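Below are the chains, spelled out letter by letter.
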Protein chains: 2
Amino acid sequence: VDSAFLEQIEAIVGPQGLVTDPIEAQSYLADWRGAYSGVARLIVRPSNTEQVSAVMTLCARAGIAVVPQGGNTGLCGGSIPDSSGDQVVMSLTRMNRVIEVDPLNDTITVEAGVVLQRIQDVALEVNRFFPLSLGAQGSCTVGGNLATNAGGTAVLRYGNMRELTLGIEVVLPDGRIWNGLRGLRKDNTGYDLKQLFIGAEGTLGIITAAVLRLYPQPKAVATAWVAIPSTHAAIDLIRLVQSQCGDRLTGFELMSRVSVEFVAQHIPGCKDVFANAYPWYVLMELSDTRADTNLSEMLEQSLAQAFETGHVLDAVVAASKAQVNALWALREGISEAQNHEGPSLKHDISIAVTQIPDFIATVGQRLAQIVPDLRLVTYGHVGDGNLHYNVSKPIELDSDRFKARADELTEAIYQTTAEFNGSISAEHGLGVAKRDAARRYKAPLELELMQQLKRAIDPNGLMNPGKVL
Amino acid sequence: VDSAFLEQIEAIVGPQGLVTDPIEAQSYLADWRGAYSGVARLIVRPSNTEQVSAVMTLCARAGIAVVPQGGNTGLCGGSIPDSSGDQVVMSLTRMNRVIEVDPLNDTITVEAGVVLQRIQDVALEVNRFFPLSLGAQGSCTVGGNLATNAGGTAVLRYGNMRELTLGIEVVLPDGRIWNGLRGLRKDNTGYDLKQLFIGAEGTLGIITAAVLRLYPQPKAVATAWVAIPSTHAAIDLIRLVQSQCGDRLTGFELMSRVSVEFVAQHIPGCKDVFANAYPWYVLMELSDTRADTNLSEMLEQSLAQAFETGHVLDAVVAASKAQVNALWALREGISEAQNHEGPSLKHDISIAVTQIPDFIATVGQRLAQIVPDLRLVTYGHVGDGNLHYNVSKPIELDSDRFKARADELTEAIYQTTAEFNGSISAEHGLGVAKRDAARRYKAPLELELMQQLKRAIDPNGLMNPGKVL
């Protein structure tokens, strides 16, 4: 590293603002799964927006690219530098102040480095609710949630991170600060600039703070574990429950039999719910902001009706908080459990909700022609049309042989998704993992428009280059 | 008009696609209030997207600017051509097909010229609900709703038009068609391009079709007319009801005494609800997708509690659909009633919900120093922080004298809004009406970013020039 540049950076962020220890540096240079790693010119940890701005200004003048990073929990390598050693990693994790929580305006204002779980907790303390909920919530940051337009299990009722955001502050590629930290529900004075930066994975600027929406806190929750005969039944069931319970339906997760078997086998403390095996399962959650509504009874009525029509084969409504946790553990353990079953492919696709049964049937047939006896760990937020369409190697097949067919399997999944007019990245983003695939499966005109926006906002290509585009 | 150009256009849209009758033309060249009018080179009414594309391509080649127009119900002159006679008005009203309604995927796909009310009706026919609701719904079109990111009375629960939209189709300034008609709930494969065009008031492209979200249909509704002592009481009341009833609160409209007096005096069939006069009123609506919930009782309980604490002075819960309609007529008649009371200024501002009482007090004092005895027709969607802060001339003041102070009054309102970190156009857009004011009250950096986007997407400035920017 050019020592004059280093001195200038240190003058801005102080010695605590630089990561120099090589062991510590590794956690900024590789992702938690070990799938992506890179080298950095510098790892900078500014403590406020002015420092981000000053560092970005210096980098812009020197023509040095910057890779913004939050909790580094992404799955697509979007926050990892490349291998050139030229890029600066800008970690926002020291910027972890809750600036203001306003339960009357139903807003919370936070710096980008605040961990998601903390926002949920602070909201709860003032009798409010922040709905974004996902596996990494104990370590992912709101800046990363914004940069990737994070999804999770509450999207069905509350929307993605984009819908939960009222205002943001951004450091632009030239170092200037755009303060869009407004807590307004309505503002039609020109282009909605925040939409540009949300979901852009750090390629247009660095989000440094945000004003987020809070909601009334649910006071009653009812959770059911439901065995169903088919994916068609899942679609019918969600519409039945939604027509009867409306907004009370806040969670609807589908899981294949194999997914549940893997969790029961590999995750300590998790076990199957029913004595019999069923082809598909649904984890369903109703919630209500009033405590005096009999949600469990409502849920039981809907399930009884669906049982009569054959849409439900068996069901149990959780009777205690411990049971609720055990059911969610079964759902949330799938990705980890799958890692114990050898090499796998993990996907994150979305299609129209109604097309899920056809999609699952079609892609299953195509994959079987490439590699027979695959174990299909299909699960996801089916109410949003979002499937984690994961595939584990056949028991009898050698790992290397499976890996040799991996690209072919992935292409078949992407190709089928494209034929169903779906998305090859529903909630994870593109990062580097799906950048090239997006180039093949997105319309050329969309790629061109994206490039036009990139050039307009970041003409020198210094913001997280090589990601998304 | 250059006859060769006219012939080329007619070859595309046919004789029915051109408005040549001068009387008929007037409805495309002036707004319904008579506040804005212009002259056009041509008024074109294409019947499908390919025609829009072909016309736009021709105009782009000839360097001719295009003004997209929907139902022409806007309040800010955004769809009216300028006075040069050079611009082409492109009316989308012939494109009025409902392309598809899918109650299982909870989506409806429509062309841009479909009237809002029709979308509501088609949704109802399949037992679904499209929430966007506003005064002009009988004649405004979905293209205009999208171009202005329309708001209305259901934003509190369901959000603006932006939140109700899953995909759009756009004809770009060079005539190419971007087909983004996807009904996906989640798609994180790069920049969310639709966000750019929604709310851009036709300055970046012409929205020709959209996929919109449908919701479970409310089966129970409870509506109350409530007298309150102050604007502070309104804020406390909304939070009380929201904490008790959560998502069931789907409407919360505030009105000053003068607003209600005007309606009772001028709108046939409308009369005041209570024998006594009160300083402020709230129209409150709860709704539920289940028919068997006792919403009226729930509403009465909340109101009784607020009565005990002095937040409510009097209240009545509607006992019939006729009473519900009468209460909404009182609210919806305000703008028209005000026209019977001489010259007025009409504004559409938003601030943080909690700041509404301070804002109303502050701006009221400032206006009184400019013109004493103004009649403050303050009302609006207070749950969204959105006030139609309207002002009618004092009874004793000459109209011309009032008009002479109009700019000064408007500046005081905008200036106060800016001090409260608010928006001078919450839901109406900028059009030409507020374009210059936005230039004064928006941050220079925001204006610069908007210009950068405009240049990136419409480098020759042919899309609705002079609007917004």
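Up top is the structure these notes are about.
This text gives an overview of the structure that appears in the document. These figures come from a predicted structure and were not determined experimentally.

## What to know about the sheet that holds strand 2 (residues 66-69) of chain B
All names here are of chain B.
- Taken in spatial order, the three strands of this open sheet run 1-3-2, and their pairing is parallel. Two strands bound the open sheet, and with one partner strand each, they are strand 1 (42-44) and strand 2. Across the sheet, the axes of successive neighbouring strands diverge by a mean angle of 20°, strand direction being ignored.
- Of the strand pairs in this sheet, strand 1 and strand 3 (residues 88-91) are connected by three bridges, and their pairing is parallel. For Val44, the partnering residue across the bridge sits in strand 3 and is Met90.
- Relative to strand 3, helix 3 (residues 49-62) is tilted by about 170°, and along the sheet it contacts strand 1, strand 2 and strand 3.

## Focus on the environment of Gly151 of chain B
- In this fold, Gly151 of chain B is placed in the loop between helix 5 (142-147) and helix 6 (155-158).
- Between the C-alpha atoms of Gly151 of chain B and Pro465 of chain B, which are 314 residues apart in sequence, the distance is 24 Å.
- Those residues in contact with Gly151 of chain B that sit more than four places away from it in its chain are Lys186 of chain A together with Leu132, Ser133, Leu134, Asn160 and Glu427 of chain B.

## Things to note about unusual backbone geometry
Residues and elements named next belong to chain A.
- At Asp106, a position not held by glycine, the phi torsion is positive, near 55°.
- Summarising the element assignment, Asp106 is placed in the loop between strand 4 (98-102) and strand 5 (107-111).
- By relative accessible area, which is 4% here, Asp106 ends up buried.
- A positive phi is found at Asn464, a non-glycine position, where the angle reads about 45°.

## Remarks on the nonpolar core
- Membership of the largest hydrophobic core comes to 87 residues, with the highest contact counts inside it found for Phe130 and Phe197 of chain A together with Phe130 and Phe197 of chain B.
- With near-sequence residues (within four places) excluded, Phe197 of chain A lies in contact with Leu146, Ile168, Val170, Leu172, Trp178, Leu204, Gly205, Ile207 and Ile457 of chain A.
- Counting 50 residues, the second largest nonpolar core, distinct from the first, contains Leu156, Phe252, Ile413 and Phe420 of chain B.

## With respect to the relation of the copies chain A and chain B
- For the pair chain A and chain B, the relating rotation is 180°, the translation along its axis is 0.0 Å, and the fit reaches an RMSD of 0.0 Å. Taken together, these values place the two copies in the relation of a two-fold axis.
- Here 98% of the contact residues of chain A are again contact residues in chain B; the copies associate through an equivalent surface.

Thresholds applied
- Residues numbered from 1 in each chain as written.
- Chains lettered and ligands numbered in written order.
- Predicted model: local features only at pLDDT ≥ 70, side-chain atom pairs only at ≥ 80, totals over all residues.
- Heavy atoms only, no water.
- Pairing = 2+ DSSP bridges.
- Helix = DSSP H or I, 4+ residues; strand = E, 2+ residues; numbered from the N terminus.
- Axes fitted to C-alpha atoms, helices over the stretch in contact; angles between N-to-C directions.
- Contact = heavy atoms within 4.5 Å.
- Buried < 20%, exposed > 50% of the residue type's maximum accessible area, 1.4 Å probe, protein only.
- Core = buried A, V, L, I, M, F, W, Y, C linked by side-chain atoms within 4.5 Å.
- Least-squares fit on C-alpha atoms with pLDDT ≥ 70 in both.

Don't take any of this as a statement about function, it's just geometry.
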